[in-house]
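# What the coordinates show
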Amino acid sequence: MKKIQEIINRSYKIQDFVLLALRLVLAYGFFNPAMMKVKDIGSIAAWFKSINIPLPLLNAYLATGTELLGVIMLTLGLLTRWISIPLIITMIVAIVTVHWENGFDAGDNGFEIPLYYILMLLALLSFGAGKYSLDQLFKLNRIKN
């Protein structure tokens, strides 16, 4: 029992590395979809229209901007809690409009991956960016009650 508690106590020391890894994995995950949207925003708007997303051009720009900003801010660890919120909303919209009807499995274009992204973003929203971030440098990591 003492060994298990010792392992648990040591695990706290890697928290900041875990938060950094979460940020970088998420930034990488958002990068390619964002770049695909940037390259042909018109096609994205047409696709949004075909799946009945209202104001498709505006929403194409909003999704693209959110993802691009997310890549930058997550990579830097800048305003991490704040950018997590619109990224979570973007993932919820993706699940509802695209992935839900395909079920859970990622291999069937299901909602598995967006759900994982939401969970990782919720962790960042809850715990902040960690020590290796601009949030820490600028003292933006603290939650004020």
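Nothing here was measured: the structure is a model prediction, and the numbers come from that model.

Definitions and limits used
Residues numbered from 1 in each chain as written. Predicted model: local features only at pLDDT ≥ 70, side-chain atom pairs only at ≥ 80, totals over all residues. Heavy atoms only, no water. Helix = DSSP H or I, 4+ residues; strand = E, 2+ residues; numbered from the N terminus. Buried < 20%, exposed > 50% of the residue type's maximum accessible area, 1.4 Å probe, protein only. Contact = heavy atoms within 4.5 Å. Lys, Arg positive; Asp, Glu negative; His and termini not counted. Charge placed at Lys NZ, Arg CZ, Asp CG, Glu CD. UniProt positions renumbered as here; feature names shortened; annotations may be inferred.

Before going further, it helps to examine the overall build of the chain. Assigned secondary structure in the chain consists of seven helices and zero strands. When the elements of the chain are put in sequence order from the N terminus, they spell out α-α-α-α-α-α-α. With respect to the three principal axes, the spread of C-alpha positions in the chain is 60 × 35 × 30 Å. Across the 145 residues of the chain, 37% fall into the buried class. Counted over contacts in the chain with a minimum sequence separation of 6, partners at least 24 positions apart contribute 60%. Averaged over its 13 positive side-chain charges, the chain has a centre that lies 17 Å from the centre of its 9 negative ones.

Here the UniProt-annotated "transmembrane region" (unreviewed entry) positions come out as residues 12–31, 51–75, 82–100 and 115–134. Split by type, residues 82–100 is 95% helix and 0% strand. Its first and last C-alpha atoms lie 26 Å apart.

Within the element layout of this structure, Met 73 appears in helix H4 (residues 56–76). Expressed as a C-alpha distance, the spacing of Met 73 and Ala 27, which sit 46 residues apart in the sequence, is 8.3 Å. Contacts of Met 73, omitting those with residues within four sequence positions, involve Leu 78, Leu 79, Thr 80 and Ile 83.

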